[in-house]
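So you can see what is in the structure, the chains are spelled out below.
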Amino acid sequence: MGNTLGLLAEISSHAPTQQHGLNRDEATAFICGADERRRRWVKYLYDREWDDASLYDLTINLATMSLDTACDLICHAIGEPEFQPTDQSQQYLQDACLRCTVEAALASDSAVWRQGLAVRATAGEVAVCGDVQSERQKTRVRELVSRVDGVKKYSLDIGLASEPLPGGRRLSL
């Protein structure tokens, strides 16, 4: 995989060099930074490592074939029956989308201490569990979840916790 990543970095470094006036080393650092942000985003959203080849239906080593051949291979593969969406795969995507939408609603509200919350979604039913810092935040979580399009039913298993203060002390609620 290292060779493939090296080749992709080589191919990809041309665009930032041209667009942003970067030298080769700066372009490589730019790409590595963007990849790291994407890696963290995938880990946050899906709790998966994006470079785990077992997560992918098809991997292509560009060090062993041309870009045109790789494109032809992909175009052919997506027409095959095993690459067509199933009811199960579509439900998984709908559930993931709903979970992410609820998480985004919680994360975008500054009144909610979201760090201690986890969200699950299954066929329109959302479960939020974890801890918040006050009853007011618990009420706010309920309001936010109930407003998200696609939530048919929701349950909250939310307790009260305190956030550590500087020096390791805890705030009593």
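Now for a quick tour of the structure. (Residues numbered from 1 in each chain as written. Predicted model: local features only at pLDDT ≥ 70, side-chain atom pairs only at ≥ 80, totals over all residues. Heavy atoms only, no water.)

## Concerning the overall build of the chain
The number of helices and strands found in the chain is 6 helices and 3 strands. Mapped in sequence order, the helices and strands of the chain form the string α-α-α-α-α-β-β-α-β. Residues classed as buried in the chain amount to 24% of the 173 residues present. In the chain, once contacts between residues fewer than 6 apart in sequence are set aside, the share between residues at least 24 apart is 48%. When the accessible surface of the chain is totalled, it reaches about 12200 Å², and 53% of it is carbon and sulfur. (Helix = DSSP H or I, 4+ residues; strand = E, 2+ residues; numbered from the N terminus. Buried < 20%, exposed > 50% of the residue type's maximum accessible area, 1.4 Å probe, protein only. Contact = heavy atoms within 4.5 Å. Areas by Shrake-Rupley, 256 points an atom, 1.4 Å probe, with all protein chains shown as cover.)

## What about the pairing of strand E1 (residues 117-122)?
Across the two faces of E1 the burial differs, with Leu-117, Val-119 and Ala-121 buried and Ala-118, Arg-120 and Thr-122 not buried at all. Examined bridge by bridge, E1 and strand E2 (residues 125-132) share 6 bridges and lie antiparallel to one another. From the neighbouring strand, Ala-121 faces E2, where its bridge partner is Val-126. Where E1 hands over to E2, the hairpin turn is made up of 2 residues, of which Ala-123 adopts a positive phi near 50°. (Pairing = 2+ DSSP bridges.)

## A short note on helix H5 (residues 87-107)
A rise of 1.5 Å per residue sets the reference length of H5, with its 21 residues, at 30 Å; its end C-alpha atoms lie 30 Å apart and thus fit the reference within 8%. For H5, every residue scored as buried is listed here: Asp-95, Ala-96, Leu-98, Arg-99, Cys-100, Val-102, Glu-103, Ala-105 and Leu-106. On the buried face of H5, the contacting elements are helix H3 (24-46), E1, E2 and helix H6 (135-147). (Expected span 1.5 Å × (residues − 1).)

## A look at the environment of Gln-137
Tracing the chain through its elements places Gln-137 in helix H6. By relative accessible area, Gln-137 is classed as buried at 11%. C-alpha separation for the pair Gln-137 and Ala-111, spaced 26 residues apart in sequence, amounts to 6.6 Å. Sequence-distant contacts of Gln-137, defined by excluding residues within four places in its chain, comprise Ala-111, Val-112, Trp-113 and Val-132. Here the side chain of Gln-137 touches Gln-133 through a polar contact of 2.9 Å, landing on its backbone nitrogen. (Polar contact = N/O pair within 3.5 Å; in protein donor to acceptor, adjacent residues only side chain to side chain.)

## Thoughts on the nonpolar core
Membership of the largest hydrophobic core comes to 17 residues, with the highest contact counts inside it found for Val-102, Leu-106, Leu-117, Val-126, Val-128, Val-141 and Val-145. Of all elements in the fold, only H5, E1, E2 and H6 reach the threshold of two or more residues within this core. With 4 residues, the single largest contributor to this core is H5. In this structure, Val-128 is in contact with Leu-117, Ala-118, Val-119, Val-141, Val-145, Ser-155, Leu-156, Asp-157 and Ile-158, ignoring residues within four places of it in sequence. (Core = buried A, V, L, I, M, F, W, Y, C linked by side-chain atoms within 4.5 Å.)

## Some remarks on the packing of H5 against H6
Interaxial distance between H5 and H6 falls to 9 Å at its minimum, and their mutual angle equals 140°. Relative to H6, the element H5 lies oblique. The element H5 and its partner H6 pack so that their crossing is right-handed. Every residue of H6 that contacts H5 at Val-102, Ala-105 and Leu-106 is listed here: Val-141, Leu-144 and Val-145. Of the residues contributing to the contact of H5 with H6, the split by class is 6 nonpolar, no polar and no charged. (Axes fitted to C-alpha atoms, helices over the stretch in contact; angles between N-to-C directions. Parallel < 35°, antiparallel > 145°, perpendicular 65-115°, else oblique. Left-handed = near helix turned anticlockwise from the far one by under 90°. Nonpolar A, V, L, I, M, F, W, Y, C, P; charged D, E, K, R; others polar.)

## A word on the sheet that holds E2
Judged by pairing direction, the sheet is mixed, and its 3 strands sit side by side in the order E1-E2-E3 without closing on themselves. Each edge of the sheet is formed by a strand with only one pairing partner; in this case those strands are E1 and strand E3 (153-160). The sheet shows a mean angle of 10° between the axes of neighbouring strands, taken without regard to direction. Sheet contacts for H5: E1 and E2; angle to E1, the most-contacted strand, approximately 150°. The strands touched by H6 are E1, E2 and E3; relative to E3, the strand with the most contacts, the crossing angle is about 165°.

By themselves, these figures tell us nothing about what the structure is for.
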